[in-house]
Amino acid sequence: RRSATRRATAMTAVTARGDARRVGTATPRGRRATRRATTTTIRAAATAPARAVTREDCVAFVRSGCKPREAFRIGTEHEKFGYDEATKRRMDYPVVRHVLSSLVERHGWTPINEADNIIGCTKDKQSVTLEPGGQFELSGAPLENLTQTDEEVRWHIETVNALAREKGHRFLGIGFDPKWSVAEVPMMPKGRYKIMRAYMPKKGTRGHDMMFRTCTIQVNLDFESEQDMVRKFRTSLALQPLATAMFANSAFVDGADTGYQSMRSDVWRDTDDDRTGTLAWVFDDDFGFEKYCDYVMNVPMYFVYRNGTYVDVSGESWLDFMEGKLPQLPGDKPTIDDWEQHLTTVFPEVRLKKYMEMRGADGGSYEAIMALPALWVGLLYSDKALDAAEAMVSDWTQVERDALRVDVTKDGLSAKFRGGTANDIAKKMVELSVQGLQERGLGEEVYLRYLQDIVDDGKSVAARMSEMNAREWNGDLEKVYEYATFPDTLPKIV
């Protein structure tokens, strides 16, 4: 469902390198810019097919993400729900189109088009794209530090909020739509989502909830070598439930408090077992680039992009595709662009591409959006912090990891673990992350004050909202919207 920070084609043109800068050049000249970008997209789609890839090519593609530490970057992604201030109904496509087109016409972004519809836009290695139900996602640029991330996040939220308000809409920072059913959510005009919508019910009961009613915050981080990737992957995968607990912000569904703190996370447990989960084999001795790529190659396909169209190959085998045996595309074999797309169709709690995605957090406030990258940068970009975090989880069993993953969705930081609670581990995580950020000497530890407050209190935002609902709100859903709506001007984190 979710693609990566450094992607920019966003399911439109599949160019020789998937480089968004080939889709068009940023210009403020509005509709003319859109037409020119669309024309460029068509030409890109019509170029001669690239060389078919081998297994070795696929592994090499992921391995090519290795980079020296001085080249490590931070890519932050965050999603939010748009809604009508008067009715609270979800933002429909005409308003979505207004916001996206305004970014192009007023702010010099380059449009991303599918057929005659604008479905996103790009600028300076950032991309704004749409989830199936119109959730707005900013996939941020790969940046050097969290101060740059702060500037990027602040500009984006304040700008799209102002554009949405021109049409009487606002944005909500929360992990699950608190009111509307899947049937009541408008679907965005993106071909891949039609294929996924039809396929999801064949694999689980909650796929449509995931597609249309959830929002997340993610951060994408780099690795230096295969050994470095393995350490970071294992450690962050084990600790991902603690991020879920700290960032839990999805207690309300269908107008009521569910009793769960992260319903968004719980949804993943019955979405599609082929492509989700905690990946127990990551902790095997032979884990590395090859084993991860073999896993992805054995995940059933969703689609192939050919000649400007998404071809439905849902349930088909990538390995058959490599042999030219897809019934829908006989003789056709995958290119590296196809492999890059296929990598986006697996949804584990930590995902590997040319970088690693931390995927355990609910959508939330500006402060939460900043705290998520701060947490993982502090833990994974510091040798001392990573050593300590790795040691902390080194003797956890798969049974314990699985149980913690399940328990935090309902109980959050109060979930039981080894005679203590999840909050005990979360406190240590935040402490280590603060130390890791202090090593960087950039003052970035200020962005962890949000989490320090949460672990000191032992209560997530979801837990606090549930308490307020029981004590003050009396089931008034308007209060949820008031609490979680992004302000017009974001506060300064100091």
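Residues numbered from 1 in each chain as written. Predicted model: local features only at pLDDT ≥ 70, side-chain atom pairs only at ≥ 80, totals over all residues. Heavy atoms only, no water.

Trainee: Honestly, the pattern of salt bridges in this entry has me stumped. Any pointers?
Mentor: Oppositely charged side chains can pair when the atoms bearing their charge come close. Scanning the model with the defined rule gives 46 salt bridges in all. Between R275 and D272 there is a salt bridge, with its nearest N and O atoms 2.7 Å apart. For the pair formed by R275 and D272, the shared burial category is buried. The salt bridge involving E323 is made with K325; its shortest N-O contact spans 2.9 Å. Judged by its relative accessible area of 48%, E323 is partly exposed. Residues joined by salt bridges that share partners form a network here, namely R206, D209, R213, D254, D266 and R269. (Salt bridge = Lys/Arg side-chain N within 4 Å of Asp/Glu carboxyl O. Buried < 20%, exposed > 50% of the residue type's maximum accessible area, 1.4 Å probe, protein only.)

Trainee: Looking at this model, I keep getting lost on the pairing of strand β1 (residues 74-84). Mind explaining?
Mentor: It is a general feature of regular strands that their side chains alternate between the two faces of the sheet. Within β1, 10 of the 11 residues are buried, which leaves the element mostly enclosed by the surrounding structure. Across four bridges, the pairing between β1 and strand β5 (residues 136-139) is antiparallel. Paired with E79 across the two strands is E137, which belongs to β5. Across four bridges, the pairing between β1 and strand β6 (residues 169-172) is antiparallel. Looking across to β6, one finds that G82 is bridged to F171. (Helix = DSSP H or I, 4+ residues; strand = E, 2+ residues; numbered from the N terminus. Pairing = 2+ DSSP bridges.)

Trainee: Can you help me understand the packing of helix α9 (residues 289-297) against helix α11 (residues 336-343) in this one?
Mentor: Each pair of packed helices gets described by two things: the angle between the helix axes and the distance between those axes. Contact geometry of α9 with α11 gives a least axis separation of 10 Å together with a crossing angle of 85°. Judged on the interaxial angle alone, α11 and α9 are roughly perpendicular. Between α9 and α11, the residues in contact are C293, V296 and M297 and W339, H342 and L343, respectively. (Axes fitted to C-alpha atoms, helices over the stretch in contact; angles between N-to-C directions. Parallel < 35°, antiparallel > 145°, perpendicular 65-115°, else oblique. Contact = heavy atoms within 4.5 Å.)

Trainee: Explain the packing of aromatic side chains here, please?
Mentor: Geometrically, a pair of aromatic rings is defined through the distance of the ring centres and the angle of the planes. For the structure on display, the rule yields 21 aromatic pairs. Considering the side-chain rings of Y83 and Y481, the 5.0 Å spacing of their centres and the 65° angle between planes classify their relative orientation as edge-to-face. With Y83 in strand β1 and Y481 in helix α18 (residues 478-484), this residue pair connects regions lying 398 residues apart in the sequence. Ring centres of W281 and Y292 lie 6.4 Å apart, and the angle between their planes is 55°; this geometry places the pair in the tilted category. Of this pair, W281 sits in the loop between β10 (276-277) and α9 while Y292 is found in helix α9, placing the two residues 11 residues apart along the sequence. Overall, Y292 belongs to the buried group, its relative accessible area being 0%. The rings of F233, W281, F287, Y292 and Y295 are connected pair by pair, giving a single aromatic cluster. (Phe/Tyr/Trp six-rings, centres within 6.5 Å; stacked < 30°, edge-to-face > 60°.)

Trainee: Is there a simple way to think about the environment of P186 in this case?
Mentor: For P186, the location among the structural elements is in the loop between β6 and α5 (191-199). Residues in contact with P186, not counting those within four places in the same chain, are R90, M91, D92, P132 and G133.

Trainee: Even after reading the chapter, I still don't get the packing of helix α12 (residues 366-380) against helix α13 (residues 383-393), so can you show me in this structure?
Mentor: Running from N to C, α12 and α13 cross one another at 90°; their axes reach a closest spacing of 6 Å. The angle between the axes of α12 and α13 places the two elements in the roughly perpendicular class. Contacts between α12 and α13 pair G378, L379 and L380 from the former with A385, L386 and A389 from the latter. Tallied by class, the residues present in the contact of α12 with α13 amount to five nonpolar, one polar and no charged. (Nonpolar A, V, L, I, M, F, W, Y, C, P; charged D, E, K, R; others polar.)

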